[in-house]
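# Report on the structure
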Amino acid sequence: MVQRALTILGATGSIGCNTLEVAALHPQRYRIHALSAHRNVEKLAQQCLRFLPRLAVVSHAEDAARLSGMLKGTECAGVTEVLSGPKALCQIAASADTDIVMAAIVGAAGLEPTLAAAQAGKRVLLANKEALVMSGALLMDAVRASGALLLPVDSEHNAVFQSLPRSAGQGLGACGVSRITLTASGGPFLNRPLSELAEVTPDEACRHPNWIMGRKISVDSATMMNKGLELIEACWLFDAQPEQVDIVIHPESIVHSLVSYVDGSVIAQLGCPDMRVPIAHALAYPERMASGASQLSLAQVGALRFQALDLERFPAVALAYRAIRAGGTCPAILNAANEVAVEAFLGARLRFDRIPAFIEQVLNAVPSQPAATLAAVLSADAAARDVAGKLLRPGYEGKLP
Ligand code: NAD
Ligand code: MG
């Protein structure tokens, strides 16, 4: 078996750690070429000692110096080169010495390295949905131009990918697909009285009923902006119109998403809620390999429930439909506003129930432009962050609708 080289962007996060666990089950298939982390040098050092990558990248030079110090005199000495900064991330993503890139940085910081991996024609495993939301046209064009293989790791999109025929690349209509339905657990506040949402704390918002994830995506799941970002992600990945993508609440997170066909057939992918399943699928595709996850027992689960999405409870989803319909840089503006809002909520500077209205104000304030270049996308991101920053100044909150 040919051993393939794997780069993990965001190795110390929830997806990054799960990816390393899956890869560790199959040492004959994968060797770790490069790992990256933002600030968690301790965890990255442990991962380096266990997986002996050629390269390790952190965001800041002082952290690189600390990491080098920690690896001195260990098995990594002379094996692992430590680099820092955004250019180094693009370097490990596009390196001729790597075959597979797991894009698992959270947020806009993942955009440029993900794009670099796509431009270099890699097998790109996409967890970093924000990159695709921001620059859907650019990323999909880069994939087509380079012949990269873009495989979704987000559980819903991985489920859709598995439920589509192989010929789906020719367009959904041509292979008889009528709709895509993304499932959503509803998050921790599905049944919380709306009047109590003003008081919820970051820890409550991050306590997801079914998944253990990083804090940003956990808050996104609580507001359901996560499903909004996933709607946009689905439109780009599967060349779907927003009208072709439905969302249904499914509190058990067992049915990960569904594809409906014109003849009335519906094909879904099911499994335990464990990210190692889509990670192993995307790593091994088109083969199958063990992921370490438990097998699903429907008898044990008992009942699967589904209910319609309530847009009054989750207005963030309506904002995402608006952004993808508007096109251009509007999804990048939505994403940036959301990133600022989530950070502010986690820092106790914005109330949970005000997040959607906050994002809406940014969408209203920043004009959408064509998103034909990386510069245009980054400039929209910066403009949205600028407006969002101003909205957060003390005294402003009271003026929100
Ligand atoms: P996380 O917060 O646990 O990990 C994020 C990783 O990115 C860490 O390694 C961190 O060091 C790195 N990072 C953070 N900021 C950075 C920056 N400015 N520059 C460079 N690196 C930076 O997040 P996660 O839950 O693993 O999610 C990662 C991505 O995968 C997100 O886009 C998320 O939406 C997506 N995703 C996650 C899950 C999940 O179950 N966790 C499921 C589906 C999709
Ligand atoms: Mg998801």
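Residues numbered from 1 in each chain as written. Chains lettered and ligands numbered in written order. Predicted model: local features only at pLDDT ≥ 70, side-chain atom pairs only at ≥ 80, totals over all residues. Heavy atoms only, no water.

### Structural notes on the overall build of the protein chain
Note the cut-off: Secondary structure is summarised from DSSP: a helix means a run of H or I of at least four residues, a strand means a run of E of at least two, and numbering begins at the N terminus for each. Here the radius of gyration uses the C-alpha set of atoms, whereas the globule reference equals 2.2 Å times the residue count to the power 0.38. For each residue, the accessible area found with a 1.4 Å probe, counting protein chains only, is set against the maximum for its type, and the residue is called buried under 20%, exposed over 50%, and partly exposed in between.
In terms of regular secondary structure, the protein chain is built from 16 helices and twelve strands. Against the compact-globule benchmark of 21 Å for 401 residues, the protein chain has a radius of gyration of 21 Å, which places it among compact chains. Principal-axis analysis of the C-alpha atoms gives the protein chain an extent of 60 × 55 × 45 Å. Within the span of the protein chain, comprising 401 residues, buried residues form 56% of the whole.

### Quick word on the domain arrangement of the protein chain
Basically, it comes down to this: Either an automatic procedure or a domain database provided the assignment from which the domain bounds are taken. By definition, residues are in contact when any of their heavy atoms lie within 4.5 Å. The term buried area refers to how much accessible surface (probe radius 1.4 Å) is lost by two components on association, counted for both of them together.
We note that the domain assignment places domain 1 (4-152), domain 2 (154-325) and domain 3 (327-401) within the protein chain. Taking only C-alpha atoms, the centre of domain 2 and the centre of domain 3 are 24 Å apart. Counting residues at the interface gives 25 residues for domain 2 and 19 residues for domain 3. Of the roughly 1800 Å² buried between domain 2 and domain 3, counting both surfaces, carbon and sulfur atoms make up 75%.

### Section: the pairing of strand S1 (residues 4-9)
In plain terms, the rule: One bridge is not enough; two strands pair if DSSP finds at least two bridges between them.
Burial analysis of S1 places five of its six residues in the buried class, which makes it a mostly covered element. Relative to strand S2 (residues 30-36), S1 runs parallel, the two sharing five bridges. Pairing of Arg 4 across the sheet is with Tyr 30, part of S2.

### Considering the site of ligand 1
We count it as follows: Nearness here has a simple test: a residue counts as near a molecule or strand if at least one of its heavy atoms is within 4 Å of that partner. Throughout this description, a polar contact denotes any pair of N or O atoms lying within 3.5 Å of each other; where both atoms belong to protein, one of them has to be capable of donating a hydrogen while the other can accept it, and for residues adjacent in sequence the pair is counted only when both atoms sit in side chains. Note that accessible areas follow from Shrake-Rupley with a 1.4 Å probe, and for residues the cover is restricted to the protein chains shown. Each residue gets one of three labels, nonpolar for Ala, Val, Leu, Ile, Met, Phe, Trp, Tyr, Cys and Pro, charged for Asp, Glu, Lys and Arg, and polar for the others, Gly among them.
Neighbouring ligand 1 are 22 residues; Thr 12, Ser 14, His 38, Glu 130 and Gly 214 lie closest to it. The contact in question runs from an oxygen atom of ligand 1 to an N or O atom on the backbone of Gly 10, over 3.3 Å. Within the side chain of Thr 12, a nitrogen or oxygen atom sits 2.8 Å from an oxygen atom of ligand 1. When ligand 1 sits alone it has 830 Å² of accessible area, and the protein chains cover 87% of it. When residues of the shell around ligand 1 are traced back to their parent elements, those giving at least two are helix H1 (14-24) and helix H6 (129-146). Residue classes in the shell around ligand 1 are distributed as eleven nonpolar, eight polar and three charged. For the shell around ligand 1, the two domains that each supply at least three residues are domain 1 (4-152) and domain 2 (154-325).

### As for the sheet that holds strand S7 (residues 149-152)
Across a sheet, strands are paired by hydrogen bonds formed along the backbone, either parallel or antiparallel in direction. Basically, it comes down to this: To define axes, lines are fitted to C-alpha atoms, for helices over the stretch in contact only, and angles between the resulting N-to-C directions are given on a 0 to 180 degree scale.
If you walk across this open sheet you meet the seven strands as S4-S3-S2-S1-S5-S6-S7, and the pairing is parallel. Unpaired on one side and paired on the other, strand S4 (81-84) and S7 mark the two borders of the sheet. Going from strand to strand, the sheet's axes swing by 20 degrees on average, the running direction of each strand aside. Inspection of the sheet shows S1 paired to strand S5 (residues 100-103) by four bridges, in the parallel sense. Within S5, the position partnered with Leu 9 by the bridge is Ala 103. Along the sheet, helix H5 (residues 111-119) makes contact with S1, S5 and strand S6 (123-126), crossing S6 at roughly 150 degrees.

### Some thoughts on the sheet that holds strand S10 (residues 255-261)
As summarised here, the arrangement of the five strands in space is S11-S10-S8-S9-S12, forming an open sheet in which the pairing is mixed. For this open sheet the edge positions go to strand S11 (266-270) and strand S12 (307-308), each flanked by a neighbour on one side alone. With five bridges connecting them, strand S8 (residues 177-184) and S10 associate as antiparallel partners. Bridged to Val 177 within S10 is Tyr 261.

### Notes on the pairing of S5
Where we set the bar: A crossover counts as right-handed when, viewed with the strands pointing away from the observer, the path leading from the first strand over the helix to the second turns clockwise.
What you see with S5 is no split at all: Ile 100 and Met 102 on one side and Val 101 and Ala 103 on the other are buried throughout. With four bridges joining them, S5 and S6 adopt parallel strand pairing. Looking at the pairing, Val 101 lines up with Val 124 of S6. After leaving S5, the chain enters H5 and then returns to the sheet as S6, a path that is right-handed.

### Looking at the pattern of salt bridges
Spelled out, the test is: Within this document, salt bridges are pairs made up of a side-chain nitrogen of Lys or Arg and a carboxyl oxygen of Asp or Glu, the two lying within 4 Å of each other.
Counting across every chain of the model gives 23 salt bridges. A salt bridge links Asp 246 to Arg 179; the shortest N-O distance between them is 2.6 Å. Residue Asp 246 is located in strand S9 (residues 245-249), and its partner Arg 179 is located in strand S8; the two are separated by 67 residues in the primary sequence. Classification of Asp 246 as partly exposed rests on a relative accessible area of 27%. Owing to a relative accessible area of 28%, Arg 179 belongs among the partly exposed residues under this scheme. Two residues, Asp 203 and Arg 215, come together in a salt bridge whose shortest N-O distance is 3.4 Å. Note that Asp 203 is positioned in helix H8 (residues 202-205) and Arg 215 in helix H9 (residues 215-223), a separation of twelve residues in sequence. A relative accessible area of 45% means that Asp 203 is categorised as partly exposed. The class for Arg 215 is partly exposed, based on a relative accessible area of 41%. By sharing partners, the salt bridges in this structure join Arg 39, Glu 42, Glu 62, Asp 63 and Arg 66 into a single network.

### Observations concerning the coordination of the magnesium ion (ligand 2)
Short version of the rule: Coordinating N, O and S atoms are those within 2.8 Å of the metal (3.2 Å for Na, K and Ca), and as water is not part of the atoms, a site may appear to have fewer donors than expected.
Around the magnesium ion (ligand 2), the protein contributes the donor atoms Asp 154 (OD), Glu 156 (OE) and Glu 230 (OE), which lie 2.1 to 2.2 Å from the metal centre. Going along the chain, you hit the donors of the magnesium ion (ligand 2) in the pattern D-x1-E-x73-E. Of this pair, Glu 156 sits in helix H7 (residues 155-163) while Glu 230 sits in helix H10 (residues 225-237); the two residues are 74 residues apart in sequence, bridging distant segments of the chain. Overall, Glu 230 belongs to the buried group, its relative accessible area being 1%.

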